[in-house]
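In case you want the letters, here they are:
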Amino acid sequence: MKNSLKQLFRTPGKTAVFFLLSCAAALLLAVSLELWISTDEKIQTVEESFTTLGTVQQKGVDTFPQTEIWSAGIYPVFDLNADYEKLDKTAGYIEEFWPGLEEPETEGISLADLDFPEAEYLFGPEKRPYYGAWIPQAKESQPVTALLSVWEFTPLETAEPGTPFKAEVGRVLAGRGQSSSHEVYICDHYNREPEELEAGKTYIGYLSSSVTFTHKDTQALLSECSLLPYPLSSHPNSAPPYYAEVTDGFYETERGKSWTALAEAIERKRYTFPVLPTGSLKLLPSFHSGKANVQHGREISQEEFDSGAQVCMVSTDFLQKQNLEIGDRISLSLYYADYRFSPRMEYGGDGVLYYSRMNLVNENGEMYPIFWESEYEIVGAYFSAAVYNAPREAIELSDQLLIIPANSVKASDTGSVSETGPMLHTTTSFTIPNGTTEKFLQALKENVPEHSRVEVNFEDGGYAQILANLTKMKTTSILLFFIAAAVALTVLMLMLYFFILKQARRTAIETSLGMTKRQCRISLVSGIMAICIAGTLLGAMGSLALTSASEEYSSRETEPIFSTKYSTWTREGGSLPLTSEHNGSAASALRAVSVALALQGITVFLSILFVNRNLKMDPILFINGKEQGL
C-alpha cells in the first residue's frame, strides 16, 4: 500500500489528471442519474395531480337574451340639476334582460347524449343547477332585495296616464325604504297602454326603487317608483295592468292571494342565498383553474361528494358577513332550482340585478315550495378574486355562494324549477384522463349524431405543454447519463492502462523479489483505488451540492418554470411539487453514493482482472527487457 502511494507521487501530473477525471466522471454520472429520476418523478406527479376539464355549450344559444320592453321615458336622468328643456324625452321600446319571456331552445342534444362508454369520464358529465336556499337565521340579508317592494298606495291626484303622479304609501307588504303615509311619485312606466288611476282609490303594486326619468307630458324632473310589469308570474310579460285595486275582500280572491304570495316571496328572497350542487370540486372550472382556493378549513372530500354527506363549503364573504366559523352548522331550505344559468347571473357584482325577480313565484302566482331542508356543517371557506371582475357568462361562482355535494339533496326539485335551458360552459362539465382529448372528440363524433350542435372546450391546465417539456428533459437526462457512463468507462480504462497494464515490469520485479500474488495485487490496485475512491466520492458530493444549489436557485425564482395555475396544487397548501423534494434528501445522497460505489466496484473488478493478466506473464521476459510495450 505504502509503495503503491509512493509510485503515484512519482507521477503527480498524471495522478492529478486522473483524480480530476474520475471526479468529473462521477459528478456527471450522478447528476444525470439524479436528473433522470427526478424528471421521472415529476412526470408521475403531473399525471397524478393534473386533470383535464371539459366544458360544454350548445351552439347558437343567446346567453344574455334581450327583449324589447316599452318605456314611457327611455333615458334615466342622473343629473337632477340638468336643463330640463334640453333633455331627451323620447318614449319607446328598450332592450332589457327578460330570460323568462320565451323558452330557450334545448332540443337536439342533451346531457344523456354525452354519456357514451368511449368517453372514459373520471367525473361527470354533469349539468349543474343552482338552488335558492332560504336561510332565515342569516345575520345579513341580500342587498339586491332592497329594490323589490310590494305596497298599497292611494293616488292623491288624477294624472295623465303614463306620467308620474303623487301618491300616499299605505300598507307595506314587502320591501324596504318606504313607510306608511309617506308620499312618493309613482308611474305606470312600462305599460304601452296605461290607464288612469283614480285619486282616492287604493291600489297594490310591485314597484321599483326611485329612478328619475323624463316624460314628454311633464315639465319637471321627478324621482318616481315605477310599476313593474311582471308581478304575478315567473313569466315577465304578464298581462297589464301591472297593479290591482284593493277592495273589500280583495285578499281572499285568487288575485289577492297571489299578491300576498308575491310579498311573502320577496321577504323570503331577502334571506335567500345561492347553493351550487356538484359531484366534485374538479368539475368546477374556477377550482380547476386555481381561481378559487380554500382559505379556511378544508375542501369537501371526494368521499363526501360520493356519499352525499351533509357538509358544505362557503365563500369567505358569506362566512364573514354571517359571522360564522368553520365547524358551524347551518340550516338550508332549498325552494327553487335554476337549470338555465349559473348563480352569477342572479348574484354577484356583475350579475343581472333584476334577475332575482324571475324566481319569486311560480306560474300560478304561488310561492315555490321548499323541496329539501337539512343542516349542513361548514367544513371550508374559499376565496375567488375572479368573482369580483369576471363577466357573468365566464364564471360559475357568485357572491355568498355555498357549495354542497349534489348527492346530499335526497329530494326531487320537480315543481320548484324556475328556469330551464341548454348546456352552457358555466353549467356543464366533465373530466377525462389526461392526454385523451382527441380520442374523446373522435368518440363524440361517432356516438353523437348532433355533435355539431355543441362546443366542447378543454382545459388541461398546461398538462400537455408541461408533459412535453418534462419528456424532453427526461430524454436529455437519459442521453446525458449514457454519455456520462461512457466517459466514466473511458477514464477508468485509461487509468487501468497507465497504472496497471503499463506497470507489468513493476509486477515482474515485485514477483521476483518474493512478493506473493496477493501482495502484488494490493500493490497495484491500492494506488488506483485511492485515486478512484477519492475522486468518485468527491464527485458524488459535488453532485449533491450542485443539485441542491440548483433547487435552491429555482425556488427563489419569482416565476416557476412550470405553471401550476390549473393544478390542484394551488389549493393544497400552495406548494410546488414540480420542485424536486428528494434533492438533498437521504434518497438523493444514497443515489450519489451508489454511483461512487458502482464506479469503485467496477474499478476493483477490472483492476484485479488486469493485474492477473500481468501475473500470468513470465517475469524473466520483463527483467531481460524482451517484452516490450508493456
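These numbers come from a predicted model, not from an experiment.

Rules used in this analysis
Residues numbered from 1 in each chain as written. Predicted model: local features only at pLDDT ≥ 70, side-chain atom pairs only at ≥ 80, totals over all residues. Heavy atoms only, no water. Helix = DSSP H or I, 4+ residues; strand = E, 2+ residues; numbered from the N terminus. Buried < 20%, exposed > 50% of the residue type's maximum accessible area, 1.4 Å probe, protein only. Contact = heavy atoms within 4.5 Å. Areas by Shrake-Rupley, 256 points an atom, 1.4 Å probe, with all protein chains shown as cover. 1 Å grid on protein atoms, 1.4 Å probe; cavity = no way out; pocket = protein on both sides within 12 Å on 5 of 7 lines; lining within 4 Å. Points joined across faces, edges and corners; volume = space filled by probe spheres on them. Nonpolar A, V, L, I, M, F, W, Y, C, P; charged D, E, K, R; others polar. Expected span 1.5 Å × (residues − 1). Salt bridge = Lys/Arg side-chain N within 4 Å of Asp/Glu carboxyl O. Core = buried A, V, L, I, M, F, W, Y, C linked by side-chain atoms within 4.5 Å. Arc of directions from axis to C-beta. Polar contact = N/O pair within 3.5 Å; in protein donor to acceptor, adjacent residues only side chain to side chain. Pairing = 2+ DSSP bridges. Axes fitted to C-alpha atoms, helices over the stretch in contact; angles between N-to-C directions. Phe/Tyr/Trp six-rings, centres within 6.5 Å; stacked < 30°, edge-to-face > 60°. Lys NZ or Arg CZ within 6 Å of the ring centre and 35° of its normal.

**Student:** Outline the overall build of the chain, supporting the account with residue identities and numerical values.
**Tutor:** Across its full length, the chain carries 12 helices and 20 strands. Across the 630 residues in the chain, those meeting the buried criterion constitute 49%. Considering only contacts within the chain whose residues lie at least 6 apart along the sequence, 81% involve residues at least 24 apart. Here the chain displays about 29100 Å² of accessible surface, and carbon together with sulfur accounts for 54% of that area.

**Student:** Give me the layout of surface pockets: which residues, what numbers.
**Tutor:** What the second largest pocket holds in volume is close to 390 Å³. Forming the boundary of the second largest pocket are 19 residues, of which Thr 55, Pro 285, Lys 291, Ala 394 and His 425 lie nearest the centre. When contributions to the lining of the second largest pocket are tallied by element, the ones reaching two or more residues are β1 (52-58), α4 (285-288) and β20 (454-459). Partitioning the lining of the second largest pocket into residue classes produces 8 nonpolar, 7 polar and 4 charged.

**Student:** Please provide a residue-by-residue account of the environment of Leu 324, values included.
**Tutor:** The residue Leu 324 is located in the loop between α6 (316-321) and β15 (329-339) in this model. Here the alpha-carbon distance between Leu 324 and Val 314, two residues 10 residues apart in the chain, equals 10.0 Å.

**Student:** Account for helix α3 (residues 254-269), with residues named and values stated.
**Tutor:** The end-to-end C-alpha separation of α3 is 22 Å, in line with the 22 Å expected for 16 residues at 1.5 Å each. Here α3 has its buried residues at Gly 256, Ser 258, Trp 259, Ala 261, Leu 262, Ala 263, Ala 265, Ile 266, Arg 268 and Lys 269.

**Student:** An account of the pattern of salt bridges is needed here, citing residue identities and associated values.
**Tutor:** The final tally for this structure, using the stated rule, is 9 salt bridges. Note that Lys 269 is salt-bridged to Glu 346, the shortest N-O span being 2.7 Å. With Lys 269 in helix α3 and Glu 346 in the loop between β15 and β16 (372-383), this pair connects stretches of sequence that are 77 residues apart. Looking at Lys 269, the relative accessible area reads 2%, which means it is buried. On the accessibility criterion, Glu 346 (4% relative accessible area) is buried.

**Student:** Kindly report on the nonpolar core, identifying the contributing residues and their values.
**Tutor:** Grouped together as the largest cluster of nonpolar side chains are 24 residues, with contacts concentrated most on Leu 281, Phe 287, Met 313, Tyr 382, Leu 397 and Ile 403. Of all the elements in the fold, those that place two or more residues in this core are β14 (311-315), β15 and β16. Aside from chain neighbours lying at most four places away, what touches Leu 281 is Phe 287, His 288, Glu 299, Ile 300, Phe 305, Met 313 and Ile 403. Among the nonpolar cores identified, the runner-up in size contains 23 residues, and Phe 273, Cys 312, Leu 402 and Ile 404 belong to it.

**Student:** Go over helix α7 (residues 437-447), please, and point to the residues and values.
**Tutor:** Here α7 has its buried residues at Phe 440, Ala 443 and Leu 444. Projected down its long axis, α7 carries its buried residues within an arc of 105°, all on one side. Exposed residues pointing more than 90 degrees away from the buried face of α7 are listed as Glu 438, Lys 445 and Glu 446. Residues of α7 that are buried in the fold lie against β19 (428-432) and β20.

**Student:** How would you explain unusual backbone geometry if you had to name every residue and give the values?
**Tutor:** Each neighbour pair has its own omega, and for Gly 124 with Pro 125 the value is 5°, a cis peptide bond. Among the structural elements, Pro 125 can be located in strand β4 (residues 123-127).

**Student:** A description of the side chain of Ser 226 should follow, citing residues and the corresponding values.
**Tutor:** Following the sequence through the fold, Ser 226 ends up in strand β10 (residues 222-227). At a separation of 3.1 Å, a polar atom in the side chain of Ser 226 contacts the side chain of Glu 224. Residues within four places of Ser 226 in sequence aside, it is in contact with Cys 187, His 189, Tyr 190, Tyr 206, Leu 207, Ser 208 and Phe 213.

**Student:** How would you explain the sheet that holds β20 if you had to name every residue and give the values?
**Tutor:** The 4 strands lie next to each other as β4-β19-β1-β20, forming an open sheet whose pairing is antiparallel. Lying at the two open borders of the sheet, with one neighbouring strand each, are β4 and β20. Taking each pair of neighbouring strands and ignoring which way they run, the sheet shows an average axis angle of 20°. One ladder, built from 4 bridges, connects β1 with β19; its direction is antiparallel. If you follow Gly 54 over to β19, its bridge partner there is Phe 430. Strands in contact with α7 are β1, β19 and β20; relative to β20, the strand with the most contacts, it is inclined by about 165°.

**Student:** I'd love a proper account of the side chain of Ser 398, names of residues and values included.
**Tutor:** Mapped onto the fold, Ser 398 is located in the loop between β16 and β17 (402-405). Residue Ser 398 is classed as buried on the basis of its relative accessible area of 2%.

**Student:** So what's going on with the pairing of β10? Which residues, and what values?
**Tutor:** Among the 6 residues of β10, 5 are classified as buried, and the element is accordingly described as predominantly covered. Sheet topology places strand β8 (residues 183-187) next to β10; 3 bridges connect them, and they run parallel. Bridge pairing in β10 places Ile 186 opposite Cys 225. Pairing between strand β9 (residues 203-213) and β10: 5 bridges, direction antiparallel. Residue pairing in the sheet places Phe 213 in a bridge with Leu 222 of β10.

**Student:** Kindly report on the environment of Glu 363, identifying the contributing residues and their values.
**Tutor:** With respect to the secondary-structure elements, Glu 363 resides in the loop between β15 and β16. Between the C-alpha atoms of Glu 363 and Ser 418, which are 55 residues apart in sequence, the distance is 9.1 Å.

**Student:** Which residues make up the packing of aromatic side chains, and what values do they have?
**Tutor:** The final tally for this structure, using the stated rule, is 19 aromatic pairs. Taken together, a centroid distance of 5.1 Å and an interplanar angle of 75° make the contact between Phe 250 and Tyr 251 edge-to-face. One aromatic cluster is present, built from ring pairs that chain together Phe 116, Tyr 121, Phe 430, Phe 440 and Phe 458. Over the ring of Tyr 335 we find Arg 268, and its NZ or CZ is 3.6 Å from the ring centre.

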